Amino acid sequence: QVQLVESGGGLVQAGGSLRLSCTASGSIFSIGAMVWYRQAPGKQRSVVATSISDGNTDYTDSVKGRFTISRDNANKTVYLQMNSLEPEDTAVYYCSAEIKRDRSGWFRNYWGQGTQVTVSS
């Protein structure tokens, strides 16, 4: 079984910081892209940041300069460092990863359960 578990969410005041973590576990041969999504109340899920590989990243415009995605391949973990948080960042944050379970297999997408981030004014 493959599992992704997010952690690090919580309640923070505007201007504060949080660091989200997402760790993959189970039968894993390799991990491709790792992505952070978020879904705010009344809105559809959207991409926040993508890590194709270490050093190869992409961000949605609204978080550029404030959020940083990074990964620790040895520990099968992706992070999202969130600084200068704004109330508009309030959402459930999900991680997703393309995971290949064995050498002969293929990549498929897995999702975590999400972690709530609430930014108060």
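Note: the structure precedes this text.
Residues numbered from 1 in each chain as written. Predicted model: local features only at pLDDT ≥ 70, side-chain atom pairs only at ≥ 80, totals over all residues. Heavy atoms only, no water.

J.: I keep staring at the overall build of the protein and nothing clicks. Help me out?
T.: When helices and strands are tallied, the protein shows zero helices and 11 strands. Expressed along its principal axes, the backbone C-alpha trace of the protein runs to roughly 50 × 25 × 25 Å. Within the span of the protein, comprising 121 residues, buried residues form 40% of the whole. Put simply, 57% of the contacts in the protein that link residues at least 6 apart link residues at least 24 apart. Put simply, the protein shows about 6600 Å² of open surface, and 44% of that area lies on carbon and sulfur atoms. One way to put it: in the protein the 12 positive side-chain charges average out to a point 7 Å from where the 10 negative ones average out. (Helix = DSSP H or I, 4+ residues; strand = E, 2+ residues; numbered from the N terminus. Buried < 20%, exposed > 50% of the residue type's maximum accessible area, 1.4 Å probe, protein only. Contact = heavy atoms within 4.5 Å. Areas by Shrake-Rupley, 256 points an atom, 1.4 Å probe, with all protein chains shown as cover. Lys, Arg positive; Asp, Glu negative; His and termini not counted. Charge placed at Lys NZ, Arg CZ, Asp CG, Glu CD.)

J.: Explain the state of the cysteines to me, please; I cannot follow it from the model alone.
T.: Note on terminology: a disulfide is the covalent bond linking the sulfur atoms of two cysteines. A full pass over the atoms with the stated rule returns one disulfide. Between the sulfur of Cys22 and that of Cys95 lies a disulfide, 1.8 Å long from S to S. On the sign convention where negative means left-handed, the S-S torsion of about 40 degrees between Cys22 and Cys95 marks this disulfide as right-handed. Placement of Cys22 in strand 3 (residues 18–26) and of Cys95 in strand 9 (residues 91–100) is noted, with a sequence separation of 73 residues between them. Each member of the pair, Cys22 as well as Cys95, carries the same accessibility label: buried. (Disulfide = S-S within 2.5 Å.)

J.: Looking at this model, I keep getting lost on the pattern of salt bridges. Mind explaining?
T.: Side chains bearing opposite charge may pair, as long as their charged atoms lie close to each other. Under the criterion given, the structure shown has four salt bridges. Two residues, Arg38 and Asp89, come together in a salt bridge whose shortest N-O distance is 3.0 Å. In this pair, Arg38 sits in strand 4 (residues 30–39) while Asp89 sits in the loop between strand 8 (77–82) and strand 9, placing the two residues 51 residues apart along the sequence. With respect to burial, Arg38 and Asp89 carry one shared label: buried. For Lys64, the salt bridge goes to Asp61, with nearest N and O atoms at 3.1 Å. One network of salt bridges, in which partners are shared, links Arg38, Arg66, Glu86 and Asp89. (Salt bridge = Lys/Arg side-chain N within 4 Å of Asp/Glu carboxyl O.)

J.: I'm lost on the pairing of strand 5 (residues 46–53) in this one. Help?
T.: Each regular strand shows side chains that alternate between the opposite faces of the sheet. Bridge count for strand 4 against strand 5 is five bridges, and the pairing is antiparallel. Paired with Trp36 across the strands is Ala49, a residue of strand 5. A loop of six residues connects strand 4 with strand 5, the two strands running antiparallel in sequence, and Gly42 in this loop sits at a positive phi of about 75 degrees. Two strands pair when backbone bridges link them, and strand 5 and strand 6 (residues 56–59) are joined in this way by four bridges, in the antiparallel orientation. The residue bridging Thr50 from the neighbouring strand is Asp58, located in strand 6. The turn linking strand 5 back onto strand 6 is made up of two residues, and Gly55 within it adopts a positive phi angle of 95 degrees. (Pairing = 2+ DSSP bridges.)

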